[in-house]
Amino acid sequence: MAILLLQGLSGALFGAALFYVLASLLSRRWVRIDAYQLLLFMSVAFLVAIVCEVYLGKLYQLVVGRPLWQYRVWPIHDGFTSALNFIIWPVYGYYWYFLHHILQERRLLFRRSWMNGISSGIDGPLLEILANGFFLLFYGTFYFYYLPDDLRHYTSVQVVPLYMVMGICLALIIEYLQARPRRWHYPVGFYLAGVVFVLAG
């Protein structure tokens, strides 16, 4: 278990460092972090993503007759997710925080937040290629394995609409919470709910 946790932490730290440096380069200055907003993005992304990947994955299997992906590292919930995702999925929220910072800075955000969520259909699969590439390079295994071979099993174009659904849910929930007074029980509550979902797997 310790080795698995180290794998997850190393991947998360690599992603966090990469996204921060890229955001700072695009901003042409070191990005100042709002701790509350960052943790809100990370915790909401964790819960929304892990619930969506399990239930959208099961829906896909029900419709198509086979799963679209299978986790190879510490699989839970019938292989639709991993117990390590309590570390990995928050990094997607971390990425979203900096993405929105850059887009807002350049006035590229859509007025309707759900339209920003659709972008997950593009960046989600690209980040999956990055994640699988990292695990293959350093640990010799896919983190998750896509059964279709259209993109060499790193990801698949078939996951694009699923990411769009997840992105829309994520955008709407974050918009709702940002309109409310800051309360630390929001990020704490979302993260703990995600942990409970992992433990239930």
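Our subject is the structure that appears above.
Residues numbered from 1 in each chain as written. Predicted model: local features only at pLDDT ≥ 70, side-chain atom pairs only at ≥ 80, totals over all residues. Heavy atoms only, no water.

**Student:** Can you lay out the packing of aromatic side chains for me, pointing to particular residues and giving the numbers?
**Tutor:** Given two aromatic rings, their pairing is described by the distance between the two centres and the angle made by the two planes. Per the stated rule, a full pass over the model turns up 26 aromatic pairs. Centre to centre, the rings of Phe 135 and Tyr 143 are 4.7 Å apart; their planes meet at 25°, and the pair counts as stacked. The buried category is assigned to Tyr 143, whose relative accessible area is 1%. Each member of the aromatic cluster is reached from another via a ring pair, and the members are Phe 14, Trp 69, Tyr 71, Phe 80, Phe 134, Phe 135, Phe 138, Tyr 139, Tyr 143, Phe 144 and Tyr 146. Between the NZ or CZ atom of Arg 72 and the centre of the ring of Tyr 145, over which it lies, the distance is 4.2 Å. (Phe/Tyr/Trp six-rings, centres within 6.5 Å; stacked < 30°, edge-to-face > 60°. Buried < 20%, exposed > 50% of the residue type's maximum accessible area, 1.4 Å probe, protein only. Lys NZ or Arg CZ within 6 Å of the ring centre and 35° of its normal.)

**Student:** Quick rundown of helix 7 (residues 185–199)? Include the residues and the values.
**Tutor:** Between the first and last C-alpha of helix 7 there are 20 Å, a value that for 15 residues agrees with the 21 Å anticipated at 1.5 Å per step. Of the positions making up helix 7, those classed as buried are Tyr 186, Pro 187, Phe 190, Gly 194, Phe 197 and Val 198. Along helix 7, the residues classed as buried sweep out an arc of 110° about the axis, all on the same side. The exposed set on the far side of helix 7, more than 90 degrees from its buried face, consists of His 185, Val 196 and Leu 199. Among the structural elements, helix 2 (35–64), strand 2 (75–76) and helix 6 (160–178) are those in contact with the buried residues of helix 7. (Helix = DSSP H or I, 4+ residues; strand = E, 2+ residues; numbered from the N terminus. Expected span 1.5 Å × (residues − 1). Arc of directions from axis to C-beta. Contact = heavy atoms within 4.5 Å.)

**Student:** Outline the environment of Tyr 20, supporting the account with residue identities and numerical values.
**Tutor:** In this structure, Tyr 20 sits in helix 1 (residues 2–27). Looking at Tyr 20, the relative accessible area reads 19%, which means it is buried. Taking the C-alpha atoms as reference points, Tyr 20 and Val 31, eleven residues apart in sequence, are found 7.6 Å from one another. Ignoring anything within four residues of it in the chain, the contact list for Tyr 20 reads Trp 30, Val 31, Ile 33, Tyr 94 and Phe 98.

**Student:** Before we move on, could you go through the layout of surface pockets and cite the residues and values that matter?
**Tutor:** There is about 190 Å³ of room inside the second largest pocket. Lining the second largest pocket are eleven residues, with Leu 26, Tyr 95, Phe 98, Leu 99 and Ile 102 sitting closest to its centre. At the level of secondary structure, the elements contributing two or more residues to the lining of the second largest pocket comprise helix 1 and helix 3 (85–105). Top element by residues in the lining of the second largest pocket is helix 3. It accounts for five residues. For the lining of the second largest pocket, the residue count by class is ten nonpolar, no polar and one charged. (1 Å grid on protein atoms, 1.4 Å probe; cavity = no way out; pocket = protein on both sides within 12 Å on 5 of 7 lines; lining within 4 Å. Points joined across faces, edges and corners; volume = space filled by probe spheres on them. Nonpolar A, V, L, I, M, F, W, Y, C, P; charged D, E, K, R; others polar.)

Keep in mind these values describe shape, not function.
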